[in-house]
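A closer look at the structure
Here is how the chains run, residue by residue.
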Amino acid sequence: MGFTKMMDGNEAAAWGVKLSRVEVIPVYPITPQTELINHLAEMIARGELKAKYIKVEGEHTAMAAAAAASAAGARVFTASAAQGIVYMEEALWMPPGRRLPVVMCMVNRAIAPLGGLRPDHNDSLLQRDTGWIQLYCENSQEVLDTIIQAYRIAEDRRVYLPVAVCYEGYFVSATAIPTTAPDQGEVDDFLPPYRHELYSLYPEDYRRPPFPTNIAKARYEIQQAMERAKKVIEEVDEEYAKRFNRRYDGLVEEYACEDAEAVLVTMGSMTGTARDVIDELRAEGKPIGLVKLRGFRPFPTEEFREMAKRYHAIGVVDRNTSFGSAGGGIVAMEVARALYPLDDRPLLLDFHVGLGGSDVTINQIRYMAERVLEAYEKGRVEREVEWVELLDLGEVM
Amino acid sequence: MLEIRFHGMGGQGAVLGALLLAEAAFREGKWAQKIPVYGGMRRGGAVTVFLRIDERPIRRTCGIYEPDAIVVLDPALIKVEETRRGLKEGGVAILNYRGKPDEVDLGVKLSKAATVDATAISTDIFGQRAIPITNTVMLGAISRATNWVRVESLYEAIREQFPGRMGELNVEACRRGYEEAEVWEL
């Protein structure tokens, strides 16, 4: 039977893994991911989850073992954060390159030395070029649901790529809300056992060891798989909604956007806070809406081009930095590229906030929303990139 | 929406205490959210936990800067500036404190204050410890002083969290907190 109880993001993730009947879990602990793998170890010890838990000596090995187990035909899960993900990075290229449907949680934490234990998005965004699908979650419930969805997406023949389910430490990982775990039988109907198809998706001439002769073609096929994943992510979310009555609108959710002239784009936990702020602004008659970016890879280019027809100003909230970039944070640069070919482009503003793990406050979100509205009203952007945390907008922990 | 901030030392059970209160509220059909803010997991360091209770789903994930109420698990923290900061005029304070609730001065006009010597009760029940576990005692005091949750819901949440003898000891701690808390109201 399904049930609802107070669960934080890490416990919800463990339930997502258990309900997905994962078979191999190679992991190395790191704050704020540790409670997640503690829950999994307990579930295995109690005999509730029939999985092989491999204690490895570091994250690099965790991913090497995950890739190997996946290549051998098992459904695999691992998780890490910050320095752990960076240390894992070399091995992170293996699952996409070998077309292995590994699923992992990236429990966002700022990378040292410019961060403590709390989150920003630089650790997962740093992996955006590896070929992993990346989905960002707002709260415990979305974490649980997205992990189950992630296996369906990763193992779909049209995709066959690994999926990173990203959620922020503390604000999601340790934040408990009433969370529903669906019935195991219903999850089994939604997510059938993994049928392994080793190498079946490789280009013919890439299969012959030791030298793949057509690497460009293999890479192009990953790119094609990413493109196809857009539709698969939507389909999977749609079917999930039909069965379990919760939906996340695939790659992008537009919230309170009816008749909006301007929108704020958020990712992850700050979205929940932004919903409250946007509701207040709408109640004040301000024509602003909210766009939640759930999928960063593949990037929802088409959706942004559609939005560009409706909204005159887009403000991107970047909980990351890209020092010396073309302008601003990583998300804003993607949005800019998506919009560039259009004849009639909306105004684009970018905000750095919540860096190194600091809170994203109501005052800050209200400030950013007001700047986007101001740009819409004036018809021009005064500051392309703003470091919101450097402003005095009240206490920020 | 009710916004409560818990202050404790690592090891006193502020995080679990807030979770138990959230679970009790959830049992009563409310929505609740617990956000802990601490550094590494360690005993003795300051721990702040945010707790929200509402009739409808809570979406915001930010910290609580202007709480409706504070719950202080250690007497040493009452004087600390971070503990008092932002407490709303007309707010509620529930303190582990040996003095009377009408003596409480947090520099802001309160509508209600409750005090209980949670350290002494904890020592009675759990024995002498370097860092006394005061969370379940404070939960009892909360239930006595406010209408946030019924004490029976707390007992249920505690028994589910700690099966067996530990659960019964904590229920006893909670019951004594409920019975021995002194409440002052404007």
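Residues numbered from 1 in each chain as written. Chains lettered and ligands numbered in written order. Predicted model: local features only at pLDDT ≥ 70, side-chain atom pairs only at ≥ 80, totals over all residues.

1. Some thoughts on the overall build of chain B
Looking only at helices and strands, chain B has six helices and seven strands in total. In sequence order, the secondary structure elements of chain B are arranged as β-α-β-β-β-α-β-β-α-α-α-α-β. Each principal axis of the C-alpha distribution contributes one length, and for chain B these read about 40 × 35 × 35 Å. By the burial criterion, 52% of the 186 residues in chain B qualify as buried. (Helix = DSSP H or I, 4+ residues; strand = E, 2+ residues; numbered from the N terminus. Buried ≥ 20, exposed ≤ 12 C-beta atoms within 10 Å, placed from the backbone.)

2. Observations concerning the overall build of chain A
A tally of regular secondary structure across chain A gives 13 helices and 15 strands. Computed over its C-alpha atoms, the radius of gyration of chain A comes to 21 Å, within 12% of the 21 Å expected for a compact globule of 397 residues. Across its three principal directions, the C-alpha atoms of chain A cover 60 × 50 × 45 Å. Considering chain A as a whole, with its 397 residues, one finds that 54% of them fall into the buried category. A fraction of 79% describes how many contacts in chain A between residues 6 or more apart in sequence connect residues 24 or more apart. (Rg over C-alpha atoms; globule rule 2.2 N^0.38 Å. Contact = placed C-beta atoms within 7 Å.)

3. Remarks on the environment of Tyr220(A)
Relative to the assigned elements, Tyr220(A) resides in helix α9 (residues 215-244). Expressed as a C-alpha distance, the spacing of Tyr220(A) and Thr273(A), which sit 53 residues apart in the sequence, is 39 Å.

4. A look at the nonpolar core
Soluble globular proteins tend to pack their nonpolar side chains together in the buried interior. Core analysis: the largest hydrophobic core is formed by 183 residues, its most contacted members being Val165(A), Val263(A), Val372(A) and Ile94(B). Per-element tally for this core: the top contributor is helix α1 (residues 14-27) of chain B, with 11 residues. Shared between two domains, this core holds at least three residues of each, these being domain 1 (3-244) and domain 2 (253-390) of chain A. Excluding residues that lie within four positions of it along the chain, Ile94(B) makes contacts with Ala69(B), Val71(B), Ala114(B), Met138(B), Ala141(B), Ile142(B) and Ala145(B). (Core = buried A, V, L, I, M, F, W, Y, C linked by C-beta atoms within 7 Å. Domains from an automatic or database assignment.)

5. Some details on unusual backbone geometry
All names here are of chain A. Look at the link from Ala112 to Pro113: it is a cis peptide, with omega at 5°. Inspection of the secondary structure assignment puts Pro113 in the loop between β5 (103-108) and α6 (122-125). With an omega dihedral of -5°, the bond running from Arg297 to Pro298 counts as a cis peptide bond. Its location among the elements puts Pro298 in the loop between β12 (295-297) and α11 (301-310).

6. Thoughts on the packing of α11(A) against helix α12 (residues 330-339) of chain A
Residues and elements named next belong to chain A. Close contact between α11 and α12 brings their axes to 9 Å; oriented N to C, the two are set at 70°. With respect to α12, the element α11 is oriented roughly perpendicular. Counted together, Thr301, Phe304, Arg305 and Ala308 of α11 and Val335, Ala338 and Leu339 of α12 form the full contact between these two elements. For the contact of α11 with α12, the per-class residue count stands at five nonpolar, one polar and one charged. (Axes fitted to C-alpha atoms, helices over the stretch in contact; angles between N-to-C directions. Parallel < 35°, antiparallel > 145°, perpendicular 65-115°, else oblique. Nonpolar A, V, L, I, M, F, W, Y, C, P; charged D, E, K, R; others polar.)

7. Considerations on the interface of chain A and chain B
Counting from both sides, the interface comprises 24 residues of chain A and, opposite them, 20 residues of chain B. Put simply, the parts of the chain that give the side of chain A that touches chain B at least two residues each are β8 (177-181) and α10 (270-283) of chain A. Ranked by residues supplied to the side of chain A that touches chain B, first place goes to α10(A) with five residues. Here the residues of the side of chain A that touches chain B are counted per class, giving 12 nonpolar, eight polar and four charged.

8. Topic: helix α4 (residues 82-92) of chain A
Since there are 3.6 residues in each turn of an α-helix, residues three or four apart along the chain are aligned in direction. Residue and element names in this part refer to chain A. All of the buried residues in α4 are Ala82, Gly84, Ile85, Met88 and Leu92. Down the axis of α4, the smallest arc covering the buried residues is 115°, so these residues share one side. Contact partners of the buried residues in α4: α3 (59-71), β4 (77-80), β5 and α6. (Arc of directions from axis to C-beta.)

9. Notes on the domain arrangement of chain A
Residue and element names in this part refer to chain A. Taken domain by domain, chain A consists of domain 1 (3-244) and domain 2 (253-390). If you average the C-alpha positions of domain 1 and of domain 2, the two centres end up 27 Å apart. Taken residue by residue, the interface counts 29 residues in domain 1 and 21 residues in domain 2. Of all the elements in the fold, those that place two or more residues in the side of domain 1 that touches domain 2 are α6, β6 (133-136), β7 (163-168) and α9. Its residues assigned to classes, the side of domain 1 that touches domain 2 shows 16 nonpolar, six polar and seven charged.

10. Brief notes about the sheet that holds strand β15 (residues 385-387) of chain A
In any sheet, the strands associate via hydrogen bonds between backbone groups, in a parallel or an antiparallel arrangement. Residues and elements named next belong to chain A. Strand order in the open sheet formed by six strands is β9-β11-β10-β13-β14-β15, with mixed pairing between adjacent strands. Each end of this open sheet is capped by a strand with a single partner; those strands are β9 (252-255) and β15. Across the sheet, the axes of successive neighbouring strands diverge by a mean angle of 20°, strand direction being ignored. Here strand β13 (residues 313-318) pairs with strand β14 (residues 347-352) via six bridges, running parallel. (Pairing = 2+ DSSP bridges.)

11. Some thoughts on the sheet that holds strand β2 (residues 31-37) of chain B
Residue and element names in this part refer to chain B. Across the sheet, which stays open at both edges, the seven strands sit in the order β2-β3-β1-β4-β5-β6-β7 with mixed pairing between neighbours. In this open sheet, the two edge strands, each paired with only one partner strand, are β2 and β7 (182-185). Taking each pair of neighbouring strands and ignoring which way they run, the sheet shows an average axis angle of 15°. Pairing between strand β1 (residues 2-9) and strand β4 (residues 69-72): four bridges, direction parallel. Following the sheet pairing, Arg5 is matched in β4 by Ile70.

12. Focus: the packing of helix α1 (residues 9-19) of chain A against helix α7 (residues 140-155) of chain A
Residue and element names in this part refer to chain A. Following both chains from N to C, one finds α1 and α7 inclined at 20°, their axes separated by 8 Å at the closest point. One way to sum up the angle between α1 and α7 is to call them roughly parallel. Crossing geometry of α1 relative to α7 is assigned as right-handed. Residues Gly9, Ala12, Ala13, Trp15, Gly16, Val17 and Leu19 of α1 form the contact with α7, whose own contacting residues are Ser140, Gln141, Val143, Leu144, Ile147 and Ile148. The class makeup of the residues in the contact of α1 with α7 is nine nonpolar, four polar and no charged. (Left-handed = near helix turned anticlockwise from the far one by under 90°.)

13. Considerations on the environment of Gly289(A)
Residues and elements named next belong to chain A. Here Gly289 lies in strand β11 (residues 288-293). Note on Gly289: 23 C-beta atoms within 10 Å, which makes it buried. For the pair Gly289 and Val265, spaced 24 residues apart in the sequence, the C-alpha separation amounts to 8.9 Å. Contacts of Gly289, omitting those with residues within four sequence positions, involve Glu254, Tyr255, Ala256, Cys257, Ala260, Val263 and Ile278.

14. Structural notes on helix α3 (residues 118-126) of chain B
Residues and elements named next belong to chain B. Where α3 is concerned, the buried positions are Ala118, Thr119, Ile121 and Ser122. Mapping the buried residues of α3 onto a view down its axis gives an arc of 160°, with all of them on the same face. Buried residues belonging to α3 abut β5 (91-96), β6 (110-116), α4 (135-145) and α6 (165-180). Gly127, located one to two residues past α3, shows a positive phi value of around 85°.

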